[in-house]
Amino acid sequence: MTENGNLKRRVRARAAKTGESYTTALMHMRRTSAKDEIPQPRRLRLAVAQTRCYDDPRDIAGLRESGREMRGLMRQAREAGARLVHFPEGATSAPNKRIMSAIGPREIGPSDWRRFEWDVLREELDVTRSLARELGLWVVFGSVHRLTEPHRPHNSLYVVSDRGALVTRYDERLLSNTKISFMYTPGSIPVTFEVDGIRFGCSLGMECHYPEIFAEYERLDVHCVLFSTTGGSPVSEPSFAAEAQGHAATNSYWVSFSMLTYPGSEGQPAASGIVAPGGRWAAQCLANGMPAIALADIDDNPGDLSRPWRRKARSGLYEPHRVEGDPRSDGRDMF
């Protein structure tokens, strides 16, 4: 009664102040109250990039050029109002398995990582990190992460903050046959981080083929998964893009799909882009093999009902409703 009486007094006070009728004032009060109860979405402008493939880590000029290309796209993203820019797997260098093979290039064997110009890569990483601080821009990009010899490196995604700090690193966990046999050490854990209240997860390489990676990030309450890939062969590129759409729809979160391009190759069947929680492309680069960015304003989707419902459905919701011993249910040879 007291709460109802307080509401009536507030409605009468509004009606007296605005000249509205009691009914109109009550309607406005209820709308305002409803708005106060609904969480307001948190938003962030995300840029996804596609960059050219530089696959020879012995090539100093190529390493330098990959860094310049990345930093040019970082500037474009910041000028467009992006808060975070997401780059492909191997954006700094995507070592070719034949170039790295100790018995190559005709045969693929264990990689000789002494061929990598590590000092040049480190210089480019430091310049990129400094630019992130200068622009006030979060940057996520693929690189090779060197380990202590004799261990093979990780295939990784670096996460650099808008202050130029390396805040975390994701290492590809589910590697291809060539990668695990001859090239890299697998990672072991999922990685998440937050920017302006939006929670991100990281995935890499061929992990788009593994729905368990993306289901795990749903359980970790991410709002967006950043998936980076080299794209691989033209046959696999369209499947990766389609799978990214499927993961976004299945898990009701955003997926950023970033891939390398191969200028001069015929038929670029996929391009970098951002998939909305329903599975549609919210933004895409042109599939012309050229470096580019695409932008979308993503959010934490606070009004989404599908994620909590699916979690409820997976938690034993249906067990009490199942029927046992009913011949009309058990028999599968009748209409």
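Anything mentioned here points back to the structure above.
Since this is a predicted model, take the numbers as computed values, not measurements.

A.B. asks: Please explain the pattern of salt bridges as it appears in this structure.
C.D. replies: A side chain with one charge can pair with a side chain of the opposite charge if their charged atoms come near. Enumeration according to the criterion identifies 24 salt bridges in this entry. A salt bridge links R52 to E69; its shortest N-O distance comes to 2.7 Å. With a gap of 17 residues between them, R52 in strand β1 (residues 43-52) and E69 in helix α3 (residues 60-79) connect regions that are remote in the sequence. According to the relative accessible area criterion, R52 is partly exposed, its value standing at 28%. Among the salt bridges present, the one from D126 reaches R129, with a minimum N-O distance of 3.5 Å. Residue D126 and its partner R129 are located together in helix α5 (residues 118-135), separated by 3 residues, close to a single helical turn. Under the relative-accessibility criterion, D126 is labelled partly exposed at 29%. Residue classification places R129 among the partly exposed positions, given a relative accessible area of 31%.

A.B. asks: In this structure, what is going on with the environment of V85? I would like to understand it.
C.D. replies: Along the polypeptide, V85 turns up in strand β2 (residues 84-86). Looking at V85, the relative accessible area reads 0%, which means it is buried. Between the C-alpha atoms of V85 and G67, which are 18 residues apart in sequence, the distance is 14 Å. Residues in contact with V85, not counting those within four places in the same chain, are A47, M74, A77, L137, W138, V139 and V140.

A.B. asks: Looking at this structure, how should I read the packing of aromatic side chains?
C.D. replies: The relative placement of two aromatic rings is captured by the distance of their centres and the angle of their planes. Applying the stated criterion across every chain yields a total of 11 aromatic pairs. A centroid spacing of 5.6 Å and a plane angle of 45° characterise the contact between W113 and Y184, whose relative ring orientation is tilted. A residue pair is termed long-range when its members are at least 10 positions apart, and W113 in the loop between α4 (97-100) and α5 and Y184 in the loop between α6 (177-183) and β6 (192-195) qualify at 71 residues. The same class applies to W113 and to Y184, which are both buried. With a centroid separation of 5.8 Å and 65° between ring planes, the pair formed by F141 and Y158 is classed as edge-to-face. One end of the pair, F141, is in strand β3 (residues 138-145); the other, Y158, is in strand β4 (residues 154-160), with 17 residues separating them in the sequence. Its relative accessible area of 3% is what places F141 among the buried residues. Ring pairs connect the aromatic residues F214, F227, F240, F257 and W281, which therefore count as one cluster.

Reading the values: the criteria
- Residues numbered from 1 in each chain as written.
- Predicted model: local features only at pLDDT ≥ 70, side-chain atom pairs only at ≥ 80, totals over all residues.
- Heavy atoms only, no water.
- Salt bridge = Lys/Arg side-chain N within 4 Å of Asp/Glu carboxyl O.
- Helix = DSSP H or I, 4+ residues; strand = E, 2+ residues; numbered from the N terminus.
- Buried < 20%, exposed > 50% of the residue type's maximum accessible area, 1.4 Å probe, protein only.
- Contact = heavy atoms within 4.5 Å.
- Phe/Tyr/Trp six-rings, centres within 6.5 Å; stacked < 30°, edge-to-face > 60°.

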